[in-house]
Amino acid sequence: MASSTPRAAAVAGVLVTVVAALYGLHGAAAQLCENYYAETCPDAYDIVKKVLIEAHQSDERIYASLIRLHFHDCFVQGCDGSLLLDSVPGMQSEKDSLPNKGSARGFPVVDAVKEALEAACPGVVSCADILAIASEISVVESGGPSWGVLLGRLDGKTSDFTGSGNLPAPFEDLATLQRKFRAVGLNGDVDLVALSGAHTFGRVQCANVADPPADRLYNFSGTNMPDPTMDSAYRAFLSQRCPRNGDSRVLNDLDPTTPDTFDNHYYTNIEVNRGFLTSDQELKSSPLAQGTTAPIVDQFASSQDAFFASFAQSMINMGNIRPVTDPSQGEVRKNCRRVN
């Protein structure tokens, strides 16, 4: 217990930063609340949780997949459930864009959640809120922190295929990632590092480490050499998993130490140059990281409490990106795949 005082101070420092960021998000925090469904659908959280736990029994990846859906939804025209819409004549879905097609998954589970909620309280819980609730449950069920999920989003009526092409990408450098986070009102240091910590669970395809444009194993930055920031033993391991010109779809653990547990090992891996994605290792190894993101990585690697506190707040921050709350601009979809 002797170390609790400096740890608490570190956590407090992180929270001061992220809370300040929260109140800059277009005033969105004031529009949403934790008890939004207290009267209209009081069992909403438990209904979502039941479906997710059942889904996880046959799909150990589902928790990581669901939090990724929330992330990819919120970064494109706000947290409005637009990612969930299927393509229709005149509107191509975000699902079909390069960052999502073939990798975004979990849509049938969202459908199952929606069906259960519609049976209990028809026309009440939005698809955008389902993603927010499912993300928190996914983290908690994997050993991570809980937080008060702010609710009250409506579902948007459009999908932005072009906009989704500008999602933060796994092969991008730190400057680009910071710019994209700031563009949606998030903090380019704390929120970026904290939300990247979701890579402490889940799987990723070989394409993201062995193929262009990343190609960290064989031709990094056109050098015909591996990425020099990658630990040599880890590189040898990945080269066996992802041989040159091999199957790009082979899945790998983002966190090779505890792949299905939500903990701070993502950061301890980065500390020893075992970040899988370029975007992971950039947080520590980029020259730009010194004095910006690297000290935060150090803090989270040494204190899981600090990471958990910051991650919870950053998820709230992200969930407040341009929520639709005006009934003239949004709706509660009956089916998450299409507008009413």
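One structure accompanies this document, and this report is about it. (Residues numbered from 1 in each chain as written. Predicted model: local features only at pLDDT ≥ 70, side-chain atom pairs only at ≥ 80, totals over all residues. Heavy atoms only, no water.)

## With respect to the packing of helix H4 (residues 107–120) against helix H5 (residues 127–141)
(1) Moving on: Packing of H4 against H5 brings their axes to within 11 Å, and their N-to-C directions diverge by 110°. Here H5 runs roughly perpendicular to H4, going by the angle between their axes. Classified by chirality, the crossing of H5 by H4 is right-handed. Contact residues: Val 110, Val 113, Lys 114 and Leu 117 in H4; Cys 127, Ile 130 and Leu 131 in H5.
(2) Moving on: For the contact of H4 with H5, the residue count by class is six nonpolar, no polar and one charged. (Axes fitted to C-alpha atoms, helices over the stretch in contact; angles between N-to-C directions. Helix = DSSP H or I, 4+ residues; strand = E, 2+ residues; numbered from the N terminus. Parallel < 35°, antiparallel > 145°, perpendicular 65-115°, else oblique. Left-handed = near helix turned anticlockwise from the far one by under 90°. Contact = heavy atoms within 4.5 Å. Nonpolar A, V, L, I, M, F, W, Y, C, P; charged D, E, K, R; others polar.)

## Examining the state of the cysteines
(1) Moving on: Going through the model one piece at a time under the given rule, you end up with four disulfides.
(2) Moving on: Disulfide pairing is shown between Cys 74 and Cys 79; the S-S distance is 2.0 Å. Handedness of the Cys 74-Cys 79 disulfide follows from its S-S torsion of about 120°: it is right-handed.
(3) Moving on: What makes Cys 74 buried here is its relative accessible area of 0%.
(4) Moving on: Between the sulfur atoms of Cys 127 and its disulfide mate Cys 336 the distance is 2.1 Å. Between Cys 127 and Cys 336, the S-S dihedral sits near -95°, and the bridge is therefore left-handed. Of this pair, Cys 127 sits in helix H5 while Cys 336 is found in the segment after helix H14 (304–319), placing the two residues 209 residues apart along the sequence. In this structure, Cys 127 and Cys 336 share a single accessibility class: buried. (Disulfide = S-S within 2.5 Å. Buried < 20%, exposed > 50% of the residue type's maximum accessible area, 1.4 Å probe, protein only.)

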